[in-house]
Amino acid sequence: MTATSVAAAGLGDHTDPAVKGLQLRVRAAAGAVTRTWYFRYKWRKQTIRILVGHLPQTSLADAREKVLDLRRFIDGGIDPRKAKPRRTAPPNEAASSDTAAIGDPHSIESLCKTFMDRHVRPQRKRPEYAQRILNASALKHWKGRDARSITPPEVLQV
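These lines cover the structure that appears in this document, whether it is placed above or below.

The rules behind each value
- Per-chain numbering applies: the sequence of each chain, read as written, is numbered from 1 onward.
- In view of the model being predicted, local features appear only for residues whose pLDDT reaches at least 70, and side-chain atom pairs are presented and counted only at 80 or more, with totals across whole chains, interfaces and linings using the full set of residues.
- The side-chain figures draw on all heavy atoms in the structure; neither hydrogens nor water molecules are used.
- Numbered from the N terminus, helices here are DSSP runs of H or I no shorter than four residues, and strands are runs of E no shorter than two.
- Burial classes: relative accessible area under 20% of the type maximum marks a residue as buried, over 50% as exposed, and values in between as partly exposed (1.4 Å probe, protein chains only).
- A helix is expected to span 1.5 Å for every residue after the first.
- The quantity called bend is, for any residue, the angle between two axes fitted respectively to the seven residues ending at it and the seven beginning at it.
- Two residues form a contact once any of their heavy atoms are found within 4.5 Å.
- Side-chain atoms within 4.5 Å link the members of a nonpolar core, which is a set of buried Ala, Val, Leu, Ile, Met, Phe, Trp, Tyr and Cys residues.
- Only one rule defines a salt bridge in this text: a Lys or Arg side-chain nitrogen within 4 Å of an Asp or Glu carboxyl oxygen.
- DSSP-based pairing: two strands are paired if at least 2 bridges between them are found.
- Here an angle of 0 to 180 degrees is reported between the N-to-C directions of two axes, which are lines fitted to C-alpha atoms, with helices fitted over the stretch in contact.

**Focus on unusual backbone geometry**
Right, so step 1: Cis geometry is adopted by the peptide bond preceding Pro56, which originates at Leu55 and carries an omega value of 10°.
Right, so step 2: Turning to its location among the elements, Pro56 is positioned in the loop between β4 (46-54) and α2 (60-75).
Right, so step 3: We note that Ala30 has phi near 55°; this positive angle belongs to a residue other than glycine.
Right, so step 4: Structurally, Ala30 is set in the loop between β2 (22-29) and β3 (32-43).
Right, so step 5: Phi at Arg44 takes a positive value of approximately 50°, unusual for a residue other than glycine.
Right, so step 6: With respect to the helices and strands, Arg44 occurs in the loop between β3 and β4.
Right, so step 7: The class for Arg44 is exposed, based on a relative accessible area of 72%.

**Quick notes on helix α5 (residues 128-142)**
Right, so step 1: Taking 1.5 Å per residue as the helical rise, α5 with its 15 residues ought to reach 21 Å, and the 20 Å between its terminal C-alpha atoms agrees with that figure.
Right, so step 2: Along α5, the largest kink reaches about 40° and is centred on Asn135.
Right, so step 3: On its buried face, α5 sits against α4 (108-123) and α6 (152-157).

**A few points about the nonpolar core**
Right, so step 1: Counting 18 residues, the largest nonpolar core has Leu22, Leu24, Trp37, Phe39, Tyr41, Val52 and Val67 as its most contacted members.
Right, so step 2: Those elements giving two or more residues to this core turn out to be β2, β3, β4 and α2.
Right, so step 3: With 5 residues, α2 is the largest single contributor of residues to this core.
Right, so step 4: Setting aside its immediate chain neighbours within four residues, Val67 contacts Val19, Lys20, Leu22, Phe39 and Val52.

**Details of the pattern of salt bridges**
Right, so step 1: Following the criterion strictly, the structure yields 9 salt bridges and no others.
Right, so step 2: Note that Arg64 and Asp16 form a salt bridge whose closest N and O atoms lie 2.7 Å from each other. One end of the pair, Arg64, is in helix α2; the other, Asp16, is in the loop between β1 (12-15) and β2, and 48 residues separate them in sequence.
Right, so step 3: Glu128 is paired through a salt bridge with Arg126; the nearest N and O atoms lie 3.6 Å apart.

**Structural notes on the sheet that holds β1**
Right, so step 1: The strand order β1-β2-β3-β4 describes an open sheet built from 4 strands, whose pairing is antiparallel. Looking at the sheet topology across the chains shown, the edges are occupied by β1 and β4. Within the sheet, the average angular offset between the axes of one strand and its neighbour, ignoring direction, is 30°.
Right, so step 2: As judged from the 4 bridges shared by β1 and β2, these two strands associate in the antiparallel manner. Within β2, the residue paired with Gly12 across the bridge is Val26.

Structure, rendered in structure tokens:
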């Protein structure tokens, strides 16, 4: 698939042979022809299609790059629908993505405290045991980090 063939593509779905899962959908809508990029993949025996972008805002090269990024999530065992970034950044995300600000609901400290308060303390006579495990594992290795920046290989390593 080339930029010229994309511009000349007829109505229907067209698959890019260079990048697995990249599709171009050409449709006639309101007297105009629209061209939309999709990433098509299988996740747990289900075929899923994610919108990548629209032509001309998203070029063939940009669409290929985005699909390769999404494919890396699949290779890591993560569903790309869950890994997509938010459309708008939360208001308290002034810190970098690896570090979490104090009071950030996504910081490891905040998540551990919430877990202890909601699940462990109401159900256990001695919640100190669970607190020691959290201190020795999660808090020791990831103190000050944003939980969304922790990758599955890091979890397996700990």
